[in-house]
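Here's the letter readout for the chains.
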Amino acid sequence: MIDLKLLRTEPETVINALARRKENVDIEGLLALDKERREVLFEAEQKKAEQNAVSKKIPAMKKAGEDTTEVFAEMKKLSDDIKAYDEKLRELEEKITAISYTIPNLPNPSVPDGDTDEDNIEVRRFMEPTQFDFEPKAHWDLGKDLGILDPETAAKITGTRFTVYSGAGAQLERAIMNFFLDTH
């Protein structure tokens, strides 16, 4: 999630970086929500400070035998105001969080701009890719053919990009976990 301090201090940097990624995010709207949240938070803190000051008067008034009905009425009003501010603050924070989750990571300035994988620059290569005398299969196809991966069932359970392990696949997965648990 993007740092709101960065958005506040360098909004143009964020907007330009997102433009490089071809992302269109309402940064100004997010900043407006953040500003409103900070204002509401300030008001809530002011009301809480006022409530603390008033609550400190009550013991002295009771000790002096004064009527505290007005003070308790004021405390009730302050409490209601604080609850309203806290609710507004919660709503604003939910909106800010929801928008923040949609903002992708900012690209490193050294990364070249491009629309497809072909626009990437090869920086270095370790060994040459293995050449097969047959058409290699993707791991998901191989696992499905061997009966150790079941992506269709997983899609019904959790959605795409997951798989269900079965048989030897489940045993292999468990063996890998145990290996790392045992070797720390």
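Relevant structure appears above.
Numbering of residues begins from 1 in every chain and follows the order in which that chain's sequence is written. Under the rules for a predicted model, residues below a pLDDT of 70 receive no local features and side-chain atom pairs below 80 are neither given nor counted, while totals for whole chains, interfaces and linings still include all residues. Note that the side-chain values use all heavy atoms of the structure and ignore hydrogens as well as water.

## Focus: the overall build of the protein chain
When helices and strands are tallied, the protein chain shows seven helices and two strands. The globule rule is 2.2 Å times the number of residues to the power 0.38, and the radius of gyration it is compared with is taken over C-alpha atoms. A compact globule built from 184 residues should have a C-alpha radius of gyration of about 16 Å, whereas the protein chain, at 29 Å, is more than 25% larger. The long-range share in the protein chain, meaning contacts at least 24 apart out of those at least 6 apart in sequence, stands at 57%. When the accessible surface of the protein chain is split by element, carbon and sulfur atoms take 55% of a total near 14500 Å². Numbering goes from the N terminus for both helices and strands, where a helix is a DSSP run of H or I of at least four residues and a strand is a run of E of at least two. Two residues form a contact once any of their heavy atoms are found within 4.5 Å. For the accessible areas, the method is Shrake-Rupley and the probe is 1.4 Å, while residue cover comes only from the protein chains on display.

## Side note on the packing of aromatic side chains
Any pair of Phe, Tyr and Trp rings, taking the six-membered ring for Trp, is counted once the centres come within 6.5 Å. Such a pair is stacked with planes under 30 degrees apart, edge-to-face with planes over 60 apart, and tilted for the rest. What the rule picks out here adds up to two aromatic pairs. For the pair Phe132 and Phe134, a centre-to-centre distance of 5.2 Å together with 45° between the ring planes defines the contact as tilted. Under the scheme applied here, a residue whose accessible area is under 20% of the maximum for its type counts as buried, over 50% as exposed, and between as partly exposed, the area being computed with a 1.4 Å probe on protein chains only. Judged by its relative accessible area of 48%, Phe132 falls in the partly exposed class. Ring geometry for Phe179 and Phe180: centres 5.1 Å apart, planes at 80°, overall edge-to-face. Taking the relative accessible area as the measure of exposure, Phe180 reaches 55% and is therefore exposed.

## Remarks on a negative patch on the surface
For patches, a residue must show more than 30% relative accessible area and have no salt bridge; joins then use 9 Å for like charges and 5 Å for nonpolar side chains, namely Val, Leu, Ile, Met, Phe, Trp and Tyr. By definition here, a salt bridge exists when the distance from a side-chain nitrogen of Lys or Arg to a carboxyl oxygen of Asp or Glu is within 4 Å. Just so you know, the count uses Lys and Arg for positive and Asp and Glu for negative, and it drops His and the chain ends. Think of each charge as sitting on NZ of Lys, CZ of Arg, CG of Asp or CD of Glu. On the surface, Glu50, Glu66, Asp67, Glu70 and Glu74 cluster together to form a negatively charged patch. As for its position among the elements, Glu50 is in helix H3 (residues 27–64). The exposure class of Glu50 is partly exposed, given its relative accessible area of 36%.

## Concerning the pattern of salt bridges
Following the criterion strictly, the structure yields 17 salt bridges and no others. Salt-bridge contacts for Asp86 lead to Lys48; the nearest nitrogen and oxygen are separated by 3.7 Å. Here Asp86, found in helix H4 (residues 69–102), pairs with Lys48, found in helix H3; they are 38 residues apart in sequence, far enough to count as distant. Residue classification places Asp86 among the partly exposed residues on the basis of a relative accessible area of 31%. Notably, a salt bridge pairs Lys137 with Asp145, separated by 2.4 Å at the nearest N-O pair. Counted as one network, the salt bridges with shared partners bring together Arg8, Asp34, Arg37, Arg38 and Glu93.

## Section: the environment of Asn24
Residue placement: Asn24 occurs in the loop between helix H2 (11–20) and H3. Note on Asn24: relative accessible area 79%, which makes it exposed. Sequence separation between Asn24 and Glu173 is 149 residues; the distance between their C-alpha atoms is 40 Å.

## Section: the packing of H3 against H4
Running from N to C, H3 and H4 point in directions that differ by 155°, and their axes come no closer than 9 Å. Viewed along their axes, H3 and H4 adopt a mutual orientation that is roughly antiparallel. H3 and H4 meet at a crossing whose hand is left-handed. For helices, the fitted line uses only the C-alpha atoms of the stretch in contact; every axis is such a line through C-alpha atoms, and the angle between N-to-C directions lies from 0 to 180 degrees. Oblique is the label for every angle not falling under 35 degrees (roughly parallel), over 145 degrees (roughly antiparallel), or within 65 to 115 degrees (roughly perpendicular). Throughout, a crossing is termed right-handed when the near helix is turned clockwise from the far one, and left-handed when it is turned anticlockwise from it by less than a right angle.

## Structural notes on H3
Helix length check: H3, at 38 residues, gives a terminal C-alpha distance of 56 Å against a target of 56 Å (1.5 Å per residue), a fit within 8%. Where H3 is buried, its residues contact helix H1 (4–9), H2 and H4. Two N or O atoms count as a polar contact when they lie within 3.5 Å, although within protein this holds only if one can serve as hydrogen donor and the other as acceptor, and sequence-adjacent residues are included solely when both atoms are side-chain atoms. The backbone nitrogen of Gly29 lies 3.0 Å from a side-chain oxygen of the residue at the head of H3, namely Asp26. One or two steps after H3, the chain reaches Gly65, where phi turns positive at roughly 80°. Every helix has an expected span of 1.5 Å times one less than the residues it contains.

## Quick notes on the side chain of Arg37
Here Arg37 is to be found in helix H3. Dropping the residues within four chain positions of it, Arg37 is found in contact with Arg8, Leu89, Leu92, Glu93 and Ile96.

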